[in-house]
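Residue-level structural notes
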Amino acid sequence: MSLQGKVAVVTGGARGIGRAISKRLARDGAAVSVWDLRADGLNETVEEIRNAGGKALACIGDAANAGEVARCASETRQAFGSIHILVNNAGIVGFDRFMTITEEMWDRMMLVNMKGPFLCTKEIIPDMLAAKWGRIVNISSSSAQTGAASMSHYVASKGGLIGLTKGLAIEFASTGITVNNVPPGFVDTPMLRESPVNIEAHALTTPMKRSGCPEDIAAAVAYLASEDANYVTGQTLSVNGGRFLS
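This write-up is about the structure you can find in this document. (Residues numbered from 1 in each chain as written. Predicted model: local features only at pLDDT ≥ 70, side-chain atom pairs only at ≥ 80, totals over all residues. Heavy atoms only, no water.)

1. Here's the deal with the environment of T121
Checked against the element boundaries, T121 lands in helix α4 (residues 103–131). A residue is classified by how much of its surface remains accessible, and T121, at 6% relative accessible area, is buried. Put simply, T121 and I136 are 15 residues apart on the chain and 7.9 Å apart in space, counted from C-alpha to C-alpha. The residues contacting T121, other than those within four sequence positions of it, are L86, N88, I136 and L168. Separated by 3.3 Å, the side chains of T121 and N88 make a polar contact. (Helix = DSSP H or I, 4+ residues; strand = E, 2+ residues; numbered from the N terminus. Buried < 20%, exposed > 50% of the residue type's maximum accessible area, 1.4 Å probe, protein only. Contact = heavy atoms within 4.5 Å. Polar contact = N/O pair within 3.5 Å; in protein donor to acceptor, adjacent residues only side chain to side chain.)

2. What to know about the state of the cysteines
What the rule picks out here adds up to one disulfide. Between the sulfur of C59 and that of C72 lies a disulfide, 2.1 Å long from S to S. The sign of the S-S torsion, about -85°, decides the handedness of the disulfide formed by C59 and C72: left-handed. With C59 in strand β3 (residues 56–60) and C72 in helix α3 (residues 66–80), this residue pair connects regions lying 13 residues apart in the sequence. For C72, a relative accessible area of 1% gives the class buried. Summary of cysteine pairing: C120 is not part of a disulfide, and the nearest cysteine sulfur, belonging to C72, is at 8.5 Å. (Disulfide = S-S within 2.5 Å.)

3. Examining the layout of surface pockets
Of the volumes computed, that of the largest pocket is approximately 1100 Å³. What lines the largest pocket is a set of 46 residues, and nearest its centre among them are G91, I92, V93, Y154 and M191. Of all the secondary structure elements, the ones that give two or more residues to the lining of the largest pocket are α1 (16–27), β2 (31–36), α4, α6 (152–171) and α7 (190–193). In terms of residue class, the lining of the largest pocket is built from 22 nonpolar, 16 polar and eight charged. (1 Å grid on protein atoms, 1.4 Å probe; cavity = no way out; pocket = protein on both sides within 12 Å on 5 of 7 lines; lining within 4 Å. Points joined across faces, edges and corners; volume = space filled by probe spheres on them. Nonpolar A, V, L, I, M, F, W, Y, C, P; charged D, E, K, R; others polar.)

4. A look at the pairing of β2
Across the six residues that make up β2, a large majority, six, are buried. Direction of pairing for strand β1 (residues 7–11) relative to β2: parallel, over a ladder of five bridges. In the sheet register, T11 faces β2, and the bridge partner there is W35. Note that the unit made of β1, α1 and β2 has a crossover that is right-handed. Looking at chain direction, β2 and β3 are connected through five bridges and run parallel. Counterpart to S33 in the pairing with β3 is L57. (Pairing = 2+ DSSP bridges. Right-handed = clockwise from strand over helix to strand, strands pointing away.)

5. Here we look at the packing of aromatic side chains
Under the counting rule described, the total for this entry stands at zero aromatic pairs. Positioned above the aromatic ring of W133 is the side chain of K6, whose terminal nitrogen or guanidinium carbon lies 3.9 Å from the ring centre. (Phe/Tyr/Trp six-rings, centres within 6.5 Å; stacked < 30°, edge-to-face > 60°. Lys NZ or Arg CZ within 6 Å of the ring centre and 35° of its normal.)

6. Observations concerning the sheet that holds strand β4 (residues 85–88)
A sheet is described by the order of its strands in space; here six strands give the open sequence β3-β2-β1-β4-β5-β6, paired in parallel fashion. Strands with a single pairing partner mark the edges of an open sheet, and in this sheet they are β3 and β6 (177–182). Neighbour-to-neighbour, the strand axes of this sheet turn through a mean angle of 15°, independent of strand direction. Contacts from α6 reach β5 (134–139) and β6 within the one sheet, and its direction differs from that of β6 by about 160°. Sheet strands in contact with helix α9 (residues 214–224) are β4, β5 and β6, and its direction is about 165° off that of β6. (Axes fitted to C-alpha atoms, helices over the stretch in contact; angles between N-to-C directions.)

7. Focus: the environment of E200
Here E200 lies in helix α8 (residues 199–203). Taking the C-alpha atoms as reference points, E200 and I170, separated by 30 residues in sequence, lie 40 Å from one another.

Shape descriptors only; they carry no functional weight alone.
Next comes the structure, spelled out in structure tokens:
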């Protein structure tokens, strides 16, 4: 699946799933602008892409801040030209019982996981409209499909992202822009390693008896970003090893 000549933005690309997506899109030929707040990890991602012969740009910025989104988009256009592909991957997670979730915690979750994709899409979609071609892929979560205890704020934010995907897909279906989402299942990432989840024990409860890897998600994103997915929009492409069947 060639993405030669395309310019992609991947938010939250400093590590984990975001890094794997950035590297895969670059491998497929896209020039990739990697956005994140983590400078060290961000630079490592870009260095790995460049060392492999790809084109990449690092932009330190908050995807949930309109001014920083506009700045990163401008830097991307200056370096590579108009943007064709947007992967809204940046997000946060929380493991908190509902009665302990404060208004501040709720607002923070919605700011990053919902407002961030809104702001990035709002900034970048004019490029796609002008080109009459675009790919938007939102990284949601299988927890929004199944529900999850002690994660109601996170589940709500990712469920909202699935809803946003469908709304945008219908609105822009005739413009050459597709909008889809990938809800990862149980994927071994640095963020999951920082959580209270026992990864090895939980993996054994899944149908495949193992956790997924970031590259599994990256492969699905690469497909949705390609010409091969030209007639696919508004869809949820579940990558979860059989954890949730739709």
